[in-house]
Amino acid sequence: MKKKIERILREATEEICPTIDDWGEVKVERSGKNHGDYASNIAFLLAKKEGKNPENIAKEIKKKIKSELVSKVEVKNGFLNVFLSENALKEELSEVLREKDDYGKDICGKTLVVDYSSPNIAKSFGVGHLRSTIIGQSLYNIYEHLGWKGVGINHLGDWGTQYGKLLYQIKKEGKNPEDLSIGELEELYVRFHREAEDSPEMEEEGRKWFAKLERGDKEARKMWEVCRKKSLEEFQKIYDDLEIEIDYVLGESFYEDKLSAVIREAKEKRVAKKSKGALVIDFDDMPSAMILKSDGSTTYFTRDLAAAKYRLEEFSPDKLIYEIGADQTLHMKQLFATVEKMGWAKKAKFVHVPHGMFRLKEGKFSTRRGRTVYLEEVLALAKKKAEEIIKNSATAKNISPKERREIARIVGIGAVKYNDLKRYHKRDVLFDWDRIVTLKGDSGPYLQYTCVRCKSILEKTKRHDVTAEKLDEEERKIVKRIIQFNETVDAAASSYSPNLIAEYAFRLAKEFNYFYDSCPILGNKQRVAITEATLIILTRCLHLLTISVPTKM
Ligand code: ARG
């Protein structure tokens, strides 16, 4: 709707000034109560260009607006306040009902690479990586809805000095990786660091083991492979539970044979230079980044550089999103600046979408210090809480225990996902066992429940229609909310903020539930139509938030 209003305003303005071609600063915003539905600054733009008074220009534009979608235009201090007509609301409502799941979908032919989730092997999946997984998948879904071809990449942390340290510790303790669980591998790593505090020479031993791994030493390779395989199996269980499927797993080790070419290119292009036996990249406004250590081993940065090149060549993306913690902001800036220096980027846009960190009351999460919360525990608790609630509900009587468990999974996981997506991604989150699995109020289950409620109304009646009858106050309110869907998705995509969709969906659900309580729906075709449109939009929002809807609740 916002786009339609924008077009109407432009056309009216063009009638007054046909030569206008720079629409750069035209804004159409949703406005508050007494200022109509949308307000625009378009008159200011023209006034500036022609050296005239905005108020007068606005009045002239107003005269030119002739559209069925607009019932009234007011001019206030040079702004144009546009009021939507009954017709506009009904037409858009009909469009939602006609296009259903395709409502608002676009075709743009662009490609988006999203780097997300990316946990490290030989460690359990922590709640920290949960944020990246959920936000990354949500951004993927949002852009896909807008017609982008998505390429999801799990940049698994499966290479680097830390695995040398792990292998060293495994050997030192005389263990066989085949017999070790992920938890035990993690403990070994924690032990390494504890012991290395008193015996600093262990660091050197760890580095040596990584060098062995890089050289392709048989024993080191075999041990590493076992650790990697076990980790992937563990992670898969979590992805299955979360219903998240990432297109490609291209871990850091994948770039091993592509590193020397990148290093060579950086040297040839004089982007990298020698410094104390290492190879570094200098920046004017940031600390240097290292691509080759003095012992000849590569770094996390080198592998990210190779990954960037690979992605550009393999997928020709228009945009690359890195959904990674805010603690890696400097690393990302250095990476993007290096891509620029290398001359690789061309038309592609690189974006770091940083998420805030989970914090415990005691401070930051840290596997090294053995201070972390496991995602598995969080998900298990969420499912358990959801199951308890379902057990005590009226629906419980008509379902089998198996069905109940499946509903509990969808509801519990939905709660965890929504709880994460409803916050502005950049903000830190204080980890709280109660809050992470919220099932009431502004929560995933509340939205799922509203969908189920709509469905059950629609099961009772098939008769819905947009009729000639005038919309009443409550109906208008919901229809107006429904038709804000497209602009909400646009805003979420351009600011990389799924929380805008969460907020929007929660408002719509709340308004619908109020409507349900105060207005009889059955027997009123138009209200049934509004119920159906609410269901379409809410389900779509949940999909964009990676949340599914159970059949019953
Ligand atoms: N494995 C890294 C970590 O856990 C995240 C990787 C993010 N992606 C990237 N291209 N650097 O911190």
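For every chain, the first residue of its written sequence is number 1, and the numbers climb from 1 along that sequence. Side-chain atom pairs in this predicted model are given and counted only at pLDDT of 80 or more, local residue features only at pLDDT of at least 70, and totals for whole chains, interfaces and linings cover all residues. To obtain the side-chain values, all non-hydrogen atoms of the structure were included, while hydrogens and water were left out.

Q: How would you summarise the nonpolar core if you had to cite specific residues and measurements?
A: Judged by nonpolar contacts, the single largest core of 136 residues is most densely connected at Ile 5, Leu 166, Ile 170, Leu 185 and Ile 537. Only runs of H or I of at least four residues qualify as helices and only runs of E of at least two qualify as strands under DSSP, and these elements are numbered from the N terminus. Ranked by the residues each element gives to this core, the list is headed by helix H20 (residues 525–544), at 11 residues. Setting aside its immediate chain neighbours within four residues, Leu 185 contacts Ala 122, Leu 166, Ile 170, Leu 180 and Cys 227. Here, nonpolar core refers to any group of buried Ala, Val, Leu, Ile, Met, Phe, Trp, Tyr and Cys residues whose side-chain atoms link them within 4.5 Å. Accessibility here uses a 1.4 Å probe with only protein chains present; expressed as a share of the type maximum, an area under 20% marks a residue as buried, one over 50% as exposed, and anything in between as partly exposed. In terms of nonpolar packing, the next biggest core, distinct from the first, is built from 37 residues, Val 113, Ile 263, Met 286 and Leu 305 among them. Here, residues are in contact when the closest pair of their heavy atoms is within 4.5 Å.

Q: Just give me the short version of the packing of aromatic side chains, but keep the residues and values in it.
A: Note on aromatic pairs: the rings of Phe, Tyr and Trp (six-membered ring only in Trp) are paired at centre separations within 6.5 Å, and the planes decide the class, stacked below 30 degrees, edge-to-face beyond 60, tilted for the rest. What the rule picks out here adds up to 20 aromatic pairs. With a centroid separation of 5.4 Å and an interplanar angle of 50°, the aromatic rings of Tyr 248 and Phe 315 are classed as tilted. Placement of Tyr 248 in strand E7 (residues 248–249) and of Phe 315 in helix H11 (residues 300–315) is noted, with a sequence separation of 67 residues between them. A relative accessible area of 37% means that Tyr 248 is categorised as partly exposed. Taking the relative accessible area as the measure of exposure, Phe 315 reaches 16% and is therefore buried. Through a chain of ring-to-ring contacts, the aromatic side chains of Tyr 248, Phe 254, Tyr 255, Tyr 310 and Phe 315 assemble into a single cluster. Geometrically, a lysine NZ or arginine CZ counts as sitting over a ring once it is within 6 Å of the ring centre and also within 35 degrees of the ring normal. Lying across the ring of Trp 209, Lys 212 places its NZ or CZ 3.8 Å from the centre. When the ring centre of Phe 254 is taken as reference, the NZ or CZ atom of Lys 258 above it lies at 4.3 Å.

Q: How would you summarise the pattern of salt bridges if you had to cite specific residues and measurements?
A: Opposite charge on two side chains permits pairing when their charged atoms draw close. Any carboxyl oxygen of Asp or Glu within 4 Å of a side-chain nitrogen of Lys or Arg constitutes a salt bridge here. For the coordinates displayed, the defined rule picks out 38 salt bridges. In this structure, the salt-bridge partner of Arg 207 is Glu 204, at a minimum N-O distance of 3.2 Å. Here Arg 207 pairs with Glu 204, and both are found in helix H8 (residues 201–215), just 3 residues apart, close to one helical turn. For Glu 204, a relative accessible area of 38% translates into the label partly exposed. Of the charged contacts in the structure, one is a salt bridge between Asp 241 and Lys 383, with a shortest N-O distance of 2.7 Å. Pair noted here: Asp 241 is in helix H9 (residues 218–242) and Lys 383 is in helix H13 (residues 375–391), with a separation of 142 residues, a long-range link. Residue class for Lys 383 comes out partly exposed when judged on its relative accessible area of 24%.

Q: Please give an account of the sheet that holds strand E8 (residues 273–275) that cites residues and values.
A: If you trace the 3 strands from one edge of the open sheet to the other, you get E8-E9-E10, paired in antiparallel fashion. Two strands lie at the open edges of the sheet, namely E8 and strand E10 (289–292), each paired on one side alone. The average undirected angle you get between the axes of adjacent strands in this sheet is 50°. Any two strands are treated as partners once DSSP identifies two or more bridges connecting them. Bridging between strand E9 (residues 278–281) and E10 involves 3 bridges; their strand directions are antiparallel. What counts as an axis is a line fitted to C-alpha atoms, over the stretch in contact for a helix, and the angles between N-to-C directions run from 0 to 180 degrees.

Q: An account of the packing of helix H10 (residues 259–268) against H11 is needed here, citing residue identities and associated values.
A: Geometrically, a packed helix pair is captured by the angle between its two axes and the distance between the axes. Relative to each other, H10 and H11 sit at 90°, their axes nearing to 9 Å. With respect to H11, the axis of H10 lies roughly perpendicular. In this structure, H10 uses Leu 259, Val 262, Ile 263 and Glu 265 to contact H11, whose residues at the interface are Thr 302, Arg 303, Leu 305, Ala 306 and Lys 309. We call Asp, Glu, Lys and Arg charged. Ala, Val, Leu, Ile, Met, Phe, Trp, Tyr, Cys and Pro are nonpolar, and the rest, Gly among them, are polar. The class makeup of the residues in the contact of H10 with H11 is 5 nonpolar, 1 polar and 3 charged. Orientation is classified from the angle alone, with under 35 degrees giving roughly parallel, over 145 giving roughly antiparallel, 65 to 115 giving roughly perpendicular, and any other angle giving oblique.

Q: Explain the site of the ligand to me, and be specific about the residues and the numbers.
A: Contacts to the ligand come from Asp 115, Ser 118, Asn 120, His 129, His 155, Tyr 300, Asp 304, Tyr 322, Ile 324 and Gln 328. Between Asn 120 and the ligand, the recorded distance is 2.7 Å, taken from a side-chain N or O atom to a nitrogen atom. Between a nitrogen atom of the ligand and a side-chain N or O atom of Tyr 300, the distance comes to 2.7 Å. Sorting the residues of the shell around the ligand by element identifies H11 and strand E11 (319–325) as the ones contributing at least two each. By residue class, the composition of the shell around the ligand is 3 nonpolar, 5 polar and 2 charged. Near is defined per residue: the residue qualifies when any heavy atom it owns lies within 4 Å of the molecule or strand. Whenever two N or O atoms come within 3.5 Å, that pair is a polar contact, provided that in protein one can donate a hydrogen and the other can accept it, and provided that, for residues adjacent in sequence, both atoms are side-chain atoms.

Q: Describe a negative patch on the surface, naming the residues involved and giving the relevant values.
A: Residues with no salt bridge and a relative accessible area higher than 30% make up the patches, which join like charges within 9 Å and nonpolar side chains (Val, Leu, Ile, Met, Phe, Trp, Tyr) within 5 Å. Shrake-Rupley sampling with a 1.4 Å probe provides the accessible areas, and residues are treated as covered by the protein chains on show and by no other component. Residues scored as charged are limited to Lys and Arg (positive) and Asp and Glu (negative), so that His and the chain ends carry no count. Charged side chains are reduced to one point each, which is NZ for Lys, CZ for Arg, CG for Asp and CD for Glu. Residues Glu 144, Asp 240, Glu 245 and Asp 247 make up a contiguous surface patch of negative charge. Its place among the elements puts Glu 245 in the loop between H9 and E7.

Purely spatial values, then, with no claim about function.
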